[in-house]
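Structure assessment
Each chain is listed here by its residues.
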Amino acid sequence: MSLRAKSVIALTMGSSSDWDTLQHAAAILDEFGVPYEKHVLSAHRMPDDMFAFAESAASRGLKAIIAGAGGAAHLPGMLAAKTVVPVLGVPVASKHLQGLDSLYSIVQMPKGVPVATFAIGPAGAANAALFAVAMLANEDAALRQRLLDYRERQTAAARAMSQQLQ
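Attention in this report is confined to the structure presented alongside it. The structure displayed is predicted, hence computed values, not measured ones.

1. What about helix α5 (residues 122-137)?
If you check α5, its first and last C-alpha atoms are 22 Å apart, about what 16 residues at 1.5 Å a residue would give, namely 22 Å. Along α5, the positions that sit buried rather than exposed are G124, A125, A126, A128, A129, L130, A132, V133, L136 and A137. Here the buried face of α5 lies against β1 (9-13), α1 (19-32), β3 (64-69), β4 (87-91) and α6 (141-165).

Shown next as structure tokens:
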């Protein structure tokens, strides 16, 4: 979607390869019609750009930042250190440790630098987007209803699967 002027959610990643995971968050945001922007902001290779992005997030109207990161996974925590906009961390699976390194890095933030942490990989990215939608739905009755309808469809699908197995 990437409507920069009207974006309320930012999808950020440490490298373009993280898009394989974060595209699952984008798909959820698209499904709910939530405008978002996408950025590659390496905490290690472009710290000045990352800090400028974080410092301007609130004034640009962002309501949440979904930050995917693999390996050392510093991006979510560094963003959270520089903004009061909620940061939702998505560990990206790494080649060597299957994303456990990313998960541990994101989940072990020091007191005062909160990052909501989700599951490793695509499920975590989708859940981070659903969490962002739920945050927005507190102020938007139509979005809240779409989220309730989405959950009802999930329940109906699970019931149908259960019935097929009997």
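2. So, the pairing of β1
Consecutive residues of a regular strand have side chains that alternate between opposite faces of the sheet. The element β1 is largely enclosed, with a buried count of five among its five residues. Side chains I9, L11 and M13 of β1 all project onto a buried face; the interleaved residues A10 and T12 project onto the opposite face, where all are buried too. Bridge analysis of β1 against strand β2 (residues 36-40) gives five bridges, and the strand direction is parallel. Each residue of the ladder has a partner; that of M13, found in β2, is V40. One crossover worth recording links β1 to the parallel β2 by way of α1, and it is right-handed. The sheet contact formed by β1 and β3 spans five bridges and is parallel. Opposite L11, over in β3, you have I66 as the bridge partner.

3. What to know about the pattern of salt bridges
Oppositely charged side chains may form a pair once their charged atoms are brought near each other. In this structure the tally under the stated criterion is three salt bridges. For K82, the salt bridge is made with E55, and the minimal N-O distance between the two is 2.9 Å. Placement of K82 in helix α3 (residues 75-82) and of E55 in helix α2 (residues 47-56) is noted, with a sequence separation of 27 residues between them. When its relative accessible area of 33% is taken as the criterion, K82 is described as partly exposed.

4. Looking at the sheet that holds β4
Pairing in this open sheet of five strands is parallel, and the strands run β2-β1-β3-β4-β5 from one edge to the other. The sheet is open, and its two edges are formed by β2 and β5 (116-117), each paired on a single side. Its contacts with the sheet put helix α4 (residues 100-107) on β3, β4 and β5, and the angle it makes with β4 is roughly 160 degrees. This element, α5, spans β1, β3 and β4 of the sheet and lies at about 165 degrees to β4.

5. Considerations on the packing of α1 against α5
Taken N-terminus to C-terminus, the directions of α1 and α5 make an angle of 35 degrees; their axes are 7 Å apart at the nearest point. The two elements α1 and α5 meet at a crossing, and its hand is right-handed. Where α1 abuts α5, its residues T21, L22, H24, A25, I28, L29 and F32 lie against P122, A125, A126, A129, L130 and V133. In the contact of α1 with α5, the residues fall into 11 nonpolar, two polar and no charged.

Each value, and the rule that gives it
- Residues numbered from 1 in each chain as written.
- Predicted model: local features only at pLDDT ≥ 70, side-chain atom pairs only at ≥ 80, totals over all residues.
- Heavy atoms only, no water.
- Helix = DSSP H or I, 4+ residues; strand = E, 2+ residues; numbered from the N terminus.
- Expected span 1.5 Å × (residues − 1).
- Buried < 20%, exposed > 50% of the residue type's maximum accessible area, 1.4 Å probe, protein only.
- Contact = heavy atoms within 4.5 Å.
- Pairing = 2+ DSSP bridges.
- Right-handed = clockwise from strand over helix to strand, strands pointing away.
- Salt bridge = Lys/Arg side-chain N within 4 Å of Asp/Glu carboxyl O.
- Axes fitted to C-alpha atoms, helices over the stretch in contact; angles between N-to-C directions.
- Left-handed = near helix turned anticlockwise from the far one by under 90°.
- Nonpolar A, V, L, I, M, F, W, Y, C, P; charged D, E, K, R; others polar.

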